[in-house]
Amino acid sequence: MTYHLPAFRHPHSPPNSAGHTYRDYEGVISTLCAGCGHDSISAALVQTCYELSIEPHQVAKLSGIGCSSKTPNYFLGYSHGFNAVHGRMPSVATGANLANPNLLYLGVSGDGDTASIGMGQFVHAIRRNLNITYLVENNGCYGLTKGQPSATADHNSPNKSGEINEHISVDLCGLALQLGCGYVARGFSGDKKQLIPLLKGALTYKGFAFVDILSPCVTFNNHAESSKSYDHIRAHAVMMGELDFVPAYEEIVVESAPRKVQRVQLHDGSSVFLYKTGDDDIDLSDATAALNFLRTHIDSGHITTGLLHCNGAGLELHQTLNTSETAFNQLSEKELCPGNQVLQQINHSLSVIR
Amino acid sequence: MQPTDTRNNPEYFHKVIDCQYACPAHTPVPEYIRLIAAGRYTDAYMLNWESNVFPGILGRTCDRPCEPACRRGRLEGEEEPVAICRLKRVAADYKEMSKIKAQLPHIPSTKNGKTIALVGAGPASLTVARDLAPLGYTLHLYDEFPRGGGMMRSQIPAFRLPESVLDEEVDYILAMGVVSHFNHYVKSLHELMQVGYDAIFIGTGAPQGRDLSLPGRKEGDTRIHIGVNWLASVAFEHITKIGERVVVIGGGNTAMDCCRTARRLGGKDIKVVVRSPFEEMKASPWEKEDALAEDITILNNHNPLEFICRDGSLQAMTFDRVKAVYDEPEKRHLRSTQEAPVEIPCDDVLIAVGQDAAFPWIERHLGIEFDERTQLPIINPDTFQSTQSKIFFGGDAACGPENIITAVAHGHQAAISIDRYCQGEAVSDRLPPHVNLIHQKMGIHEWRYDSEIAPDERYVVPHEEKDTIMHNRKVEVELGFDRQMAYAEAQRCLNCDVQTIFTENRCIECDACMDICPTHCITFTENGTEEDLRGRLKARADNVTQDLYVSAPLKTQRVMVKDEDVCLHCALCAERCPTAAWDMQQYVYQVTKVQRQQFAPDLIAVDHADS
Ligand SMILES: Cc1cc2nc3c(=O)[nH]c(=O)nc-3n(C[C@H](O)[C@H](O)[C@H](O)COP(=O)(O)OP(=O)(O)OC[C@H]3O[C@@H](n4cnc5c(N)ncnc54)[C@H](O)[C@@H]3O)c2cc1C
Ligand SMILES: Cc1ncc(C[n+]2csc(CCOP(=O)(O)OP(=O)(O)O)c2C)c(N)n1
Ligand code: SF4
Ligand code: SF4
Ligand code: SF4
Ligand SMILES: [Mg+2]
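Keep in mind that this is a model prediction, so the values were computed, not measured.

Enquirer: An account of the domain arrangement of chain B is requested, with residue identities and associated values reported.
Expert: Put simply, an interface is often sized by how much accessible area is lost when its parts join up. Residues and elements named next belong to chain B. In terms of domains, chain B is made up of domain 1 (115-207 + 357-422) and domain 2 (209-353). Computed over C-alpha atoms only, the centres of domain 1 and domain 2 are separated by 31 Å. Domain 1 puts nine residues into the contact, and the matching count from domain 2 is twelve residues. Together, the buried faces of domain 1 and domain 2 total about 960 Å²; carbon and sulfur atoms form 58% of this surface. Among the residues domain 1 hides against domain 2, the three largest losses belong to Gln 155, Phe 159 and Arg 160. Together they make up 52% of the total. Connecting domain 1 to domain 2 are two salt bridges. Notably, a salt bridge pairs Arg 160 with Asp 257, separated by 2.7 Å at the nearest N-O pair. Inspection of the domain 1/domain 2 interface yields five residue pairs in polar contact (both at pLDDT 80 or more).

Dropping the structure here:
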């Protein structure tokens with residue numbers, strides 16, 4: 001009678017360019033329900049960070065409360081982690097980021113954690129363009145508290161016991177676009193081929209990168225009538241082209257097939273390529289077009305997945321506030337507490353403005 | 001790729017059980033190891049006995065082709081194969097004799113009217129006897145030596161295989177009413193055929209030791225011995241001592257037995273002189289280790305030149321120093337270094353440079369054809385029938401020098417053939433193996449087998465004090481595992497017979513199994529050719545000796561591909577699957593034997609056939 005993760009890994013698992021193997025990005029064995037979409041997202045994050053050769057100790061994982069918010073324990077076991085109060089991850093992340101801008105911030109939240117109790121915090125973090133990758137593992141319900149419908153549960157969709165959701169649902173991507181978020185994408189836990197490039201783009205993006213990831217709750221929201229089930233998502237997904245992420249250090253080989261391709265260059269020189277597959281054609285830098293696209297497809301009962309918007313123009317919070325680029329833990333006591341005289345100077349300058 | 005047909009191909013899951021597949025007799029290794037872990041030594045013994053007839057003997061002497069195949073050896077880190085062979089000995093050491101006797105097959109007192117002659121009392125013939133006696137056959141067993149066992153008695157030294165162990169397992173068979181004709185060298189097959197036997201099985205081994213015709217060979221003859229003959233003379237106590245300085249020529253297991261025996265008969269300065277480099281010697285690594293531990297010197301890259309005799313007696317041997325050169329990776333030549341010859345003074349020389357099967361007693365007009373090059377009889381490799389339909393061969397006599405377990409495997413197959421032949425059935429019509437799948441799930445996180453695995457180094461079998469073994473050639477060197485060590489070693493087994501079984505129409509493609517699998521065996525992907533798939537699975541599947549398990553197309557038109565190579569059989573895929581699309585089921589594979597119905601051991605009786 002056992003349930004533990006064996007210590008053995010594949011004997012020929014190659015190290016990445018940072019010298020780490022896959023194992024160095026794993027966490028402890030998950031306690032979520034078997035088949036939960038959230039576990040697939042954790043696996044996608046492990047693969048993404050391994051492939052990007054991210055240094056695990058340079059990552060800070062932050063989350064709120066929920067099955068989704070538990071997952072940071074199941075990946076990147078050598079990274080920093082903070083499990084905040086329900087819906088309060090954005091403020092903890094903001095504080096951490098201001099204290100140390102040199103880490104890679106990864107916020108992991110759920111649809112309940114973000115779209116219900118945490119909505120206020122979420123919108124302000126976007127508005128301020130906090131430099132973070134913000135993931136919502138979206139299952140349309142409160143998984144941890146036994147499956148009550150959340151604010152992202154689709155209008156008129158029945159829950160497991162047949163009760164219809166009478167309320168309009170929140171489309172978090174639409175909201176993020178509306179708020180001026182510079183990187184907006186939607187993925188599906190059951191499609192890593194698409195999800196991993198989306199995550200790579202988000203982790204490389206400087207500023208608020210939002211990825212809404214449909215992630216079926218196998219226990220409370222995977223019934224036949226659910227609009228957040230594996231089957232429903234697969235049957236109704238509209239993919240916005242095929243995505244490719246090329247890191248800065250790799251040579252770019254653009255596919256030769258005569259398809260429309262859009263390239264967005266990220267701050268560090270990496271690029272995201274989007275190959276169009278359908279007739280729909282929106283410009284990745286055009287948030288309004290993306291909003292319209294989303295709207296049209298929601299109205300026809302479709303779920304849009306892929307990279308919806310990517311625009312590298314805005315200033316992130318540190319730049320706006322002109323705050324210290326050196327982490328507080330690298331500053332001396334004297335720099336951190338410059339003394340009464342400096343305080344007086346500051347107060348004086350403020351009174352002059354007034 | 002086409003979906004894997006696990007239902008109609010009994011060999012697919014068999015091959016996943018690396019050890020069982022590699023065992024010539026296909027002993028159900030993981031099952032007996034679990035029985036040992038459970039302290040059910042008697043059951044473990046009987047399961048072995050049913051497959052390989054000589055668990056106590058093989059648990060000490062088997063060539064263990066299963067161990068290099070063991071999956072554990074392919075795992076990450078310093079892992080070595082499970083000590084499969086020495087665990088077999090554990091079953092023999094701790095079994096309950098009284099219970100064994102009760103489980104031996106019943107021998108009918110009314111015979112079936114057919115009489116079979118078995119020539120040679122080695123493991124091949126003894127296996128045929130054991131398989132046919134319960135069916136009512138009358139069996140006549142011939143051997144030139146005074147007791148049964150063949151080379152297991154005449155060659156394998158008692159310090160590796162105690163007489164009591166050999167006697168016990170040989171006697172189980174002789175006690176089945178076998179009529180033995182010992183001290184009886186069969187001089188003519190023609191004469192034997194005149195006796196009117198219904199069939200004859202020839203298991204006379206490969207008894208002829210090769211000689212070295214070098215200058216001085218004749219002159220030094222009294223102190224130059226053919227290794228296999230010398231070992232037989234020691235075994236039957238015709239020889240009890242040897243000179244202090246001994247040279248053993250040859251690098252195989254016979255050479256190792258010769259040098260270690262010589263050490264016990266008074267040899268002090270013993271040199272094994274071999275042409276090849278140390279790593280390439282034919283002897284098993286553990287045999288070399290044991291010889292070195294007994295102060296024996298191994299001299300490599302020396303090619304024998306001459307026996308130096310003075311005044312009609314052997315004084316020394318000379319050798320040319322050689323170097324191994326390779327034209328191609330596998331093609332080795334030994335080239336002289338052109339240095340002066342090396343002279344090694346010695347009192348005795350033992351020549352252990354190989355043996356051959358020899359059939360001076362088989363007349364060439366009886367319809368038995370021989371291969372011109374190998375001088376071996378031409379036989380059907382599945383039925384072991386010769387070109388004379390009444391005559392069957394097995395063991396070393398059939399294929400040249402091999403080992404005990406191969407002789408046993410031949411014996412089982414030959415017994416089926418002899419039975420069919422005597423019952424007037426087509427010898428080549430053979431039943432498929434008996435297979436079954438047994439569910440393992442008992443509850444949440446509960447399996448019928450212990451699926452937990454952890455890194456653990458192979459346990460070393462303790463040895464008897466060196467002083468004790470050096471003075472008495474009959475004291476066994478290895479002491480065997482005690483019960484605690486046996487348990488710990490048994491827990492290293494990965495239970496490769498508990499198969500991961502995939503049911504397409506249950507899978508919802510949530511990826512949970514692929515995500516949890518610690519060794520990245522599972523991938524959901526677009527189908528392709530085998531070569532293509534091997535290159536783009538979650539972990540490259542470069543070990544082409546291990547199969548890919550491919551499903552039929554799933555809902556998304558992708559397929560599930562599982563690389564069997566380093567699957568830990570940890571059951572996590574089945575634990576994490578929300579729909580039980582993965583299940584763990586024990587695959588029972590029993591080689592067809594004549595007496596299959598009579599011996600199905602009781603643990604196999606608890607099967608729940610998979611619908
Ligand atoms: C020194 C040495 C050590 C070995 N150690 C091992 C080991 O550790 N493990 C292992 O698996 N294998 C070992 N082997 C090999 C193994 O012993 C043989 O492969 C195996 O015994 C073959 O079995 P068999 O039944 O074919 O014949 P054998 O065991 O060779 O038996 C044949 C018998 O027939 C007798 N015979 C031959 N001709 C006649 C005749 N005309 N009339 C009557 N009797 C006849 C022979 O004397 C012999 O007793 C060893 C071999 C040698 C030489
Ligand atoms: C302040 C507060 N209010 C309510 C709860 C109860 N609670 C725990 S988790 C949860 C909802 C989580 O939903 P979601 O973020 O979608 O996570 P999921 O479990 O679905 O992944 C709620 C309401 C709480 N823990 N704290
Ligand atoms: S309750 Fe739902 S969201 Fe939570 S672990 Fe189970 S399947 Fe996942
Ligand atoms: S049993 Fe399943 S999870 Fe475990 S190693 Fe094998 S395929 Fe992977
Ligand atoms: S865990 Fe089960 S349902 Fe999920 S992908 Fe694997 S086999 Fe399919
Ligand atoms: Mg939720």
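Picking up where we left off.
Enquirer: Outline the site of ligand 1, listing residues and values.
Expert: All names here are of chain B. The full set close to ligand 1 counts 33 residues, and Thr 61, Glu 144, Met 151, Arg 160 and Asp 396 are the nearest of them. Interatomic distance of 2.8 Å between a backbone N/O atom of Asp 396 and an oxygen atom of ligand 1. Here ligand 1, which alone exposes 990 Å², has 96% of that area covered by the protein. Counting only elements with at least two residues in the shell around ligand 1, the list comes to α9 (123-132), α13 (227-235), α14 (253-264) and α17 (404-422). Looking at the shell around ligand 1, its residues break down into 13 nonpolar, 13 polar and seven charged. Both domains that furnish three or more residues to the shell around ligand 1 are identified here as domain 1 (115-207 + 357-422) and domain 2 (209-353).

Enquirer: Can you explain the coordination of the magnesium ion (ligand 6)? Please cite residues and give values.
Expert: Residue and element names in this part refer to chain A. Only Asp 111 (OD), Asn 139 (OD1) and Cys 141 (O) from the protein coordinate the magnesium ion (ligand 6), and they sit 2.1 to 2.2 Å from it. Summarised as a motif, the one-chain spacing of the donors to the magnesium ion (ligand 6) is D-x27-N-x1-C. Note that Asp 111 is positioned in helix α4 (residues 111-115) and Asn 139 in the loop between β4 (132-138) and β5 (141-142), a separation of 28 residues in sequence. Asn 139 matches Asp 111 in its accessibility class, with the two residues each being buried.

Enquirer: Tell me about the packing of helix α4 (residues 41-52) of chain B against helix α7 (residues 84-94) of chain B, residues and numbers included.
Expert: Residues and elements named next belong to chain B. In contact at an axis separation of 8 Å, α4 and α7 are set at 120° when each is read in the N-to-C sense. Considering the relative orientation of α4 and α7, their crossing is left-handed. Along the contact surface, α4 presents Tyr 41, Ala 44, Tyr 45, Asn 48 and Asn 52, while α7 presents Lys 88, Val 90, Ala 91, Ala 92 and Tyr 94.

Enquirer: Requested: an account of the interface of chain B and chain A, with residues and values cited.
Expert: Counting residues at the interface gives 39 residues for chain B and 31 residues for chain A. Note on chain B versus chain A: buried area summed over both sides is about 3,000 Å², and carbon and sulfur give 58% of it. The tally of links between chain B and chain A comes to five salt bridges. Between A:Lys192 and B:Asp515 there is a salt bridge; the shortest N-O distance is 2.7 Å.

Enquirer: Hey, could you go over helix α9 (residues 287-299) of chain A for me, with residue numbers and the actual values?
Expert: Residue and element names in this part refer to chain A. When the terminal C-alpha atoms of α9 are compared, their 18 Å separation across 13 residues agrees well with the 18 Å that a helix rising 1.5 Å per residue should span. Of the residues making up α9, those classed as buried are Ala 289, Ala 290, Phe 293, Leu 294 and His 297. Projected down its long axis, α9 shows its buried positions confined to an angular sector of 135°, all on one face. Within α9, the exposed residues directed more than 90 degrees away from the buried face are Thr 288, Arg 295 and Asp 299. Residues of α9 that are buried in the fold lie against α6 (172-178), β7 (183-188), β9 (237-239) and β13 (303-310). With a side-chain oxygen lying 3.2 Å from the backbone nitrogen of Thr 288, the N-terminal cap of α9 falls on Asp 286. Positive backbone phi, approximately 80°, marks Gly 301, located one or two places after α9.

Enquirer: I'd like a rundown of the site of ligand 2, residues and numbers included.
Expert: All names here are of chain A. Near ligand 2 there are 17 residues, and of these Cys 67, Asp 111, Gly 112, Asp 113 and Gly 143 occur at the shortest range. At a separation of 3.0 Å, an oxygen atom of ligand 2 approaches a polar side-chain atom of Asn 139. Note that an oxygen atom of ligand 2 is positioned 2.9 Å from one of the backbone N or O atoms of Leu 144. Of all the secondary structure elements, the ones that give two or more residues to the shell around ligand 2 are α2 (67-70), α4 and β5. In terms of residues, the shell around ligand 2 owes the most to one element, α4, which gives three residues. Looking at side-chain class alone, the shell around ligand 2 contains six nonpolar, nine polar and two charged residues.

Enquirer: So what's going on with the sheet that holds strand β8 (residues 208-214) of chain A? Which residues, and what values?
Expert: All names here are of chain A. Spatial ordering of the open sheet is given by β2-β1-β3-β4-β8-β7-β13-β9, a layout of eight strands whose pairing is mixed. The open sheet has two free edges, formed respectively by β2 (80-83) and β9, since each of these has just one partner strand. Each strand of the sheet is rotated relative to its neighbour by a mean of 20°, with strand direction disregarded. In terms of strand pairing, β7 meets β8 through six bridges, oriented parallel. Residue pairing in the sheet places Phe 188 in a bridge with Leu 214 of β8.

Enquirer: Could you give an account of the packing of helix α3 (residues 29-37) of chain B against α7(B), naming the residues involved and the relevant values?
Expert: Residue and element names in this part refer to chain B. At a closest axis distance of 10 Å, the pairing of α3 and α7 adopts a crossing angle of 50°. It follows from the interaxial angle that α3 and α7 lie oblique. For the pair α3 and α7, the crossing hand works out as left-handed. Within the contact between the two elements, α3 uses Val 29, Tyr 32, Ile 33 and Ile 36 and α7 uses Ile 84, Leu 87, Lys 88, Val 90 and Ala 91. By residue class, the composition of the contact of α3 with α7 is eight nonpolar, no polar and one charged.

How each quantity is defined
- Residues numbered from 1 in each chain as written.
- Chains lettered and ligands numbered in written order.
- Predicted model: local features only at pLDDT ≥ 70, side-chain atom pairs only at ≥ 80, totals over all residues.
- Heavy atoms only, no water.
- Domains from an automatic or database assignment.
- Contact = heavy atoms within 4.5 Å.
- Buried area = accessible area lost by both parts, 1.4 Å probe.
- Salt bridge = Lys/Arg side-chain N within 4 Å of Asp/Glu carboxyl O.
- Polar contact = N/O pair within 3.5 Å; in protein donor to acceptor, adjacent residues only side chain to side chain.
- Near = heavy atom within 4 Å.
- Areas by Shrake-Rupley, 256 points an atom, 1.4 Å probe, with all protein chains shown as cover.
- Helix = DSSP H or I, 4+ residues; strand = E, 2+ residues; numbered from the N terminus.
- Nonpolar A, V, L, I, M, F, W, Y, C, P; charged D, E, K, R; others polar.
- Donors = N, O, S within 2.8 Å, 3.2 Å for Na, K, Ca; no water.
- Buried < 20%, exposed > 50% of the residue type's maximum accessible area, 1.4 Å probe, protein only.
- Axes fitted to C-alpha atoms, helices over the stretch in contact; angles between N-to-C directions.
- Left-handed = near helix turned anticlockwise from the far one by under 90°.
- Expected span 1.5 Å × (residues − 1).
- Arc of directions from axis to C-beta.
- Pairing = 2+ DSSP bridges.
- Parallel < 35°, antiparallel > 145°, perpendicular 65-115°, else oblique.

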